[in-house]
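The chain contents come next:
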Amino acid sequence: MFYNNGTVFDTTFDYNINIPKLGEHLAELLNQMRKIYETCSYSLEKYSKLIIETDDISVIILKLGEDSNIVLFFKKEKEEGLKLKPIKRYITKIEELIDADKFDLLVQEMETKEGILKNLKKTLISKRDQLNILKSKFETIDETSKNEIKEISKEIEDLESSCSELQMEIEIKEKEVEEITEKIEIERKKELLE
């Protein structure tokens, strides 16, 4: 399972495979598909699945959450007396897997985003503290120290800009966490109805 940025957050591959590089390539594959759609002037809302089938391996990428995907690799099996195409069997298996694990994946995605949000808030508090220290220092500077006034003014300006950017990032992440929380509630209600 991987995020749109290529970060793999769960895998069954052995450690002899370069997992981070695999995640990068999968994310790039999705980006290239978006570019193909754009080039052809096709509308690409959200994809639900991407299937690549070769003689020996079938690769299926499914959209799980807002930023998460699952990719499955299937080696070709001998079909004895089975008339269904392999890909149909794979999709059925995957859909069953997704239905079973969707709630857990949403919870895991929310925990990850909450961790990022917590770090952003800590960084913002730290930068605001630095900003307050600089502002206090600025008020006590002797007016004859023009160089120091200029340097501290620049630092204050940079920190204020950085704080604004962090605040915007925090608001975006809070909205994402809220959306995932709503999805989790929907999944809980579905489970209760079943």
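Placed above this text is the structure.
As a further point, take the packing of aromatic side chains. Following the criterion strictly, the structure yields three aromatic pairs and no others. Between Tyr 37 and Tyr 42, the ring centres sit 6.1 Å apart and the planes meet at 75 degrees, which makes this aromatic pair edge-to-face.

On the surface, a nonpolar cluster with roughly 230 Å² of combined accessible area is contributed by Phe 13, Ile 17 and Phe 73. On the secondary structure map, Phe 13 appears in the loop between β1 (2–3) and α1 (19–39). A relative accessible area of 32% means that Phe 13 is categorised as partly exposed.

Right, let's get into the pairing of strand β2 (residues 49–53). In the sheet, β2 pairs with strand β3 (residues 57–63) via five bridges, with the strands oriented antiparallel. By the bridge assignment, Leu 50 is partnered in β3 with Ile 61. Linking β2 back to β3 in an antiparallel pair, the connection comprises three residues.

The next point concerns α1. Here α1 contains 21 residues, and its C-alpha end-to-end distance of 30 Å stays within 8% of the 30 Å for a straight helix at 1.5 Å per residue. Every buried residue belonging to α1 is among Ile 19, Gly 23, Leu 26, Ala 27 and Leu 30, and all of these are buried. Along the axis of α1, the buried residues cluster in a sector spanning 95 degrees; they form a single face. Away from its buried face by more than 90 degrees, α1 exposes Pro 20, His 25, Glu 38 and Thr 39. Considering only its buried residues, α1 is in contact with β1, β2, β3 and β4 (68–75). Near the N-terminus of α1, the side chain that reaches the backbone nitrogen of Lys 21, with its oxygen 3.1 Å away, is that of Asn 18.

Conventions we followed
- Residues numbered from 1 in each chain as written.
- Predicted model: local features only at pLDDT ≥ 70, side-chain atom pairs only at ≥ 80, totals over all residues.
- Heavy atoms only, no water.
- Phe/Tyr/Trp six-rings, centres within 6.5 Å; stacked < 30°, edge-to-face > 60°.
- Patch = residues over 30% accessible without salt bridge, like charges linked within 9 Å, V, L, I, M, F, W, Y side chains within 5 Å.
- Areas by Shrake-Rupley, 256 points an atom, 1.4 Å probe, with all protein chains shown as cover.
- Salt bridge = Lys/Arg side-chain N within 4 Å of Asp/Glu carboxyl O.
- Helix = DSSP H or I, 4+ residues; strand = E, 2+ residues; numbered from the N terminus.
- Buried < 20%, exposed > 50% of the residue type's maximum accessible area, 1.4 Å probe, protein only.
- Pairing = 2+ DSSP bridges.
- Expected span 1.5 Å × (residues − 1).
- Arc of directions from axis to C-beta.
- Contact = heavy atoms within 4.5 Å.
- Polar contact = N/O pair within 3.5 Å; in protein donor to acceptor, adjacent residues only side chain to side chain.

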